[in-house]
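# Remarks on the overall topology
Single-letter residue listing:
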Amino acid sequence: MGFLFDRDTWQEIFESLGKNKLRTVLTMIGVWWGILLLISLLGSARGLENAFNRLFGDFATNSVFIWGQSTSKPFKGFQEGRFVRLTLTDAKNVEENVEGIEFVVPRNQSQGLVVRNQLSGTFGINGDYPLLDRVQKKKMIRGRFINENDIKESKKVVVISDEIYKQLFDKDEEMIGELIQIKGINFKIIGVFETGNVQMGPRSDIHIPFTTFQQIFNQGDNIGWMMITGKPDYNITQIEADAKLMLKNLNQIHPEDNRAFGSFNLGNEFKKVTGFLVGMQFLTWFVGLATLIAGVFAIGNILLITVKERTKEIGVRRALGATPFEIKRQVIVEAVFITLVSGLLGIISGGLILMLLNKSFGQGEDAVLVNPSVPLVVVFFSLVLLVGLGSLIGLIPAFKATSIKPIDALREE
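Description of the structure in this document.

Cut-offs used in this document
Residues numbered from 1 in each chain as written. Predicted model: local features only at pLDDT ≥ 70, side-chain atom pairs only at ≥ 80, totals over all residues. Heavy atoms only, no water. Helix = DSSP H or I, 4+ residues; strand = E, 2+ residues; numbered from the N terminus. Buried < 20%, exposed > 50% of the residue type's maximum accessible area, 1.4 Å probe, protein only. Contact = heavy atoms within 4.5 Å. Areas by Shrake-Rupley, 256 points an atom, 1.4 Å probe, with all protein chains shown as cover. Expected span 1.5 Å × (residues − 1). Arc of directions from axis to C-beta. Polar contact = N/O pair within 3.5 Å; in protein donor to acceptor, adjacent residues only side chain to side chain. Salt bridge = Lys/Arg side-chain N within 4 Å of Asp/Glu carboxyl O. Phe/Tyr/Trp six-rings, centres within 6.5 Å; stacked < 30°, edge-to-face > 60°. Lys NZ or Arg CZ within 6 Å of the ring centre and 35° of its normal.

Within the chain one finds 13 helices and 10 strands. In the chain, buried positions account for 45% of the 413 residues. If you take every contact in the chain between residues at least 6 apart in sequence, the share linking residues at least 24 apart comes to 78%. Here the chain has roughly 21300 Å² of accessible surface; of this, 58% comes from carbon and sulfur atoms.

What follows covers helix H8 (residues 236-250). If you check H8, its first and last C-alpha atoms are 21 Å apart, about what 15 residues at 1.5 Å a residue would give, namely 21 Å. Turning to H8, its buried residues number three or more, namely Ile236, Ile239, Glu240, Ala243, Lys244, Leu247 and Lys248. Here the buried residues of H8 occupy an arc of 170 degrees about the axis, which is enough to place them on one side. For H8, the side-chain oxygen to backbone nitrogen distance between the N-cap and Thr237 is 2.8 Å, and the N-cap itself is Asn235. The first or second residue beyond H8 is Gln252, which carries a positive phi of 55 degrees.

What follows concerns the pattern of salt bridges. According to the stated counting rule, one finds 9 salt bridges in the structure shown. Note that Arg116 and Glu178 form a salt bridge whose closest N and O atoms lie 3.7 Å from each other. Here the residue Arg116 occupies a position in strand S2 (residues 101-116), and Glu178 occupies one in the loop between helix H6 (162-168) and strand S6 (179-182), the gap between them amounting to 62 residues. Judged by its relative accessible area of 33%, Glu178 is partly exposed. Members of the salt-bridge network, linked through shared partners, are Arg116, Glu173 and Glu178.

Here we come to the packing of aromatic side chains. One pass over the structure, following the stated rule, counts 6 aromatic pairs. A centroid spacing of 6.3 Å and a plane angle of 35 degrees characterise the contact between Phe65 and Phe264, whose relative ring orientation is tilted. A residue pair is termed long-range when its members are at least 10 positions apart, and Phe65 in strand S1 (residues 63-68) and Phe264 in strand S10 (residues 261-265) qualify at 199 residues. Judged by its relative accessible area of 34%, Phe264 falls in the partly exposed class. The side chain of Arg82 reaches across the aromatic face of Phe78, ending 4.1 Å from its centre. The residue whose ring lies beneath Lys138 is Phe193, and the NZ or CZ to ring-centre distance is 4.8 Å.

Moving on to the side chain of His207. Among the secondary structure elements, His207 is positioned in strand S8 (residues 206-209). On the accessibility criterion, His207 (0% relative accessible area) is buried. Side-chain polar atoms of His207 contact the side chain of Asp128, separated by 2.6 Å. Separated by 3.5 Å, the side chains of His207 and Lys138 make a polar contact. Contact partners of His207, with chain neighbours within four places excluded, come to Arg107, Asn126, Asp128, Leu132, Lys138, Phe145, Ile146, Val157, Val158, Val159 and Phe193.

Right, here's the structure in full:
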């Protein structure tokens with residue numbers, strides 16, 4: 001390795017590259033563009049993935065929502081068009097008998113007039129269990145979410161969104177412990193949560209204990225819909241099918257009636273998006289590496305031309321005692337030097353582009369790209385790949401250089 005620290009080695013490399021500066025620069029642009037494209041696209045793909053994970057990070061994504069609709073087939077004396085209403089008993093049976101279920105969260109919702117002092121508005125009012133906060137985590141600004149004690153005692157407590165706070169309260173006004181009226185009944189505010197960018201199911205403005213909701217809206221055992229969360233190793237599509245089949249049996253519905261229950265499979269939708277992100281990363285690697293390889297091959301072609309131009313010089317060196325190995329080594333070092341410098345410039349440029357993208361699109365809650373970046377291991381792999389490709393592509397002109405006989409090279413005009 002001592003030849004790498006030899007001044008003559010580098011002087012010869014720079015003289016060779018400097019004989020045709022434009023050609024050298026154009027050759028380096030190919031590799032520079034390839035690594036720039038690879039770093040920029042990989043970083044952007046990572047930024048999109050981070051944004052998606054932040055958006056859905058508070059949701060149990062392996063979930064399905066099921067609600068009752070109207071039947072499309074007569075069955076056991078019941079006519080077509082019968083409206084199906086789910087109950088707490090249905091939810092309990094599904095949770096206990098369908099394999100793979102982690103949680104079943106019954107939910108209810110209605111519209112109601114909400115009043116505070118002289119301000120009022122009509123909002124969606126949800127009756128919920130504390131379990132909701134585990135499958136759809138609420139980002140609490142102040143206070144807390146509903147707890148088990150609120151459910152057991154059917155307390156008149158309420159958790160409101162920041163949007164309702166802005167409508168019913170003055171800025172910086174204390175809200176915890178204050179009262180608002182829902183359907184003419186006073187409720188004490190125990191928490192305020194931040195409205196998210198993604199709503200799963202009907203919009204949630206206000207949450208009150210499920211048991212309290214049953215009383216004031218006279219719901220009895222009925223529920224509006226249930227959210228079913230599957231265990232990580234179970235297929236949520238199969239869980240959905242099994243749950244619907246059980247609900248049909250419980251509610252005397254024809255097994256082939258596909259209209260009786262509506263559903264939204266969040267797990268399937270999530271897989272589509274993650275599949276798209278994986279596909280985009282694969283495409284990024286393919287395009288980046290293809291461009292990179294094309295650039296490296298361009299270096300090989302240029303070095304072939306350079307070797308031909310230096311035929312007489314190589315002949316003189318061979319005549320003066322230079323071995324074929326030394327000639328090959330010199331050409332390979334030139335190839336590696338060009339690819340390495342081009343790659344480093346591409347990595348630096350790609351990093352600057354990612355910094356610019358982060359500044360332009362990665363700020364705030366609605367950021368399209370969140371921390372667009374490339375792991376150091378990928379950068380290291382890219383450099384190693386460049387050195388490897390540069391060495392391999394340098395072998396072609398290197399063997400070409402050593403195939404020239406000294407006497408023929410000296411005769412070259």
